[in-house]
Amino acid sequence: MLLGVIGNLINEANCKTIIVNGVEDHVHCFIGLKPVVSVSELMKTVKAKSSKYVNDHSLIKERFEWQEGYGVFSYHQSLVDTVYKYIQNQEAHHKIQTFREEYRELLKEFRIEYDEQYIFQDMI
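Worth saying up front: this structure is predicted, and the values here are computed from it rather than measured.

Caption draft 1: Up close: the side chain of H26. Relative to the helices and strands, H26 is located in strand β2 (residues 26–32). A polar side-chain atom of H26 sits 3.2 Å from a polar atom in the side chain of Q90. When residues no more than four places from it in sequence are discounted, the contact partners of H26 are Q90, H94, F99 and E102.

Below, the structure is given as structure tokens:
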């Protein structure tokens, strides 16, 4: 349900949702981003409105909010099918590799320097 809401929010922001999927501690959104849309504004809107949806519909007992931050990676058109399948299989993938391990691997693959204090926190 929440993944569908996120996909709709992306579409409402004049972008194209390709697939949204995730597991309990993170969500992957594979989108076609319009050049006139700011990634930071898109994420601000999607995170705020999806949090509101979770809280308004009492989907969990506690108050829900996303962690600060997000990661954004771009892919060549030729990799759309590969990335789609990867996101589609998140549950199986994370039985092998944690989100934190995956994120560090992506940062390394894309040659992005990072400070460990800014890596996503574990769930409470």
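Caption draft 2: Main features of the pairing of strand β1 (residues 16–23). Bridge count between β1 and β2: seven bridges; the pairing is antiparallel. Note on β2: the bridge partner recorded for K16 is G32. In this antiparallel pair of consecutive strands, β1 and β2, the connection spans two residues.

Caption draft 3: Expanded view of the packing of aromatic side chains. One pass over the structure, following the stated rule, counts five aromatic pairs. Residues F64 and W66 carry aromatic rings whose centres are separated by 5.0 Å and whose planes lie at 80 degrees to one another, so their mutual orientation is edge-to-face. Its relative accessible area of 18% is what places F64 among the buried residues. Here W66 falls in the partly exposed class, since its relative accessible area comes to 25%. Between F73 and Y103, the ring centres sit 6.1 Å apart and the planes meet at 70 degrees, which makes this aromatic pair edge-to-face. Of the two residues, F73 sits in the loop between α2 (39–56) and α3 (80–88) while Y103 sits in helix α5 (residues 99–109), which places them 30 residues apart along the sequence. For the pair formed by F73 and Y103, the shared burial category is buried. Ring pairing ties together the aromatic residues F73, Y75, F99, Y103 and F110, which thus form one cluster.

Cut-off values and rules
- Residues numbered from 1 in each chain as written.
- Predicted model: local features only at pLDDT ≥ 70, side-chain atom pairs only at ≥ 80, totals over all residues.
- Heavy atoms only, no water.
- Helix = DSSP H or I, 4+ residues; strand = E, 2+ residues; numbered from the N terminus.
- Polar contact = N/O pair within 3.5 Å; in protein donor to acceptor, adjacent residues only side chain to side chain.
- Contact = heavy atoms within 4.5 Å.
- Pairing = 2+ DSSP bridges.
- Phe/Tyr/Trp six-rings, centres within 6.5 Å; stacked < 30°, edge-to-face > 60°.
- Buried < 20%, exposed > 50% of the residue type's maximum accessible area, 1.4 Å probe, protein only.

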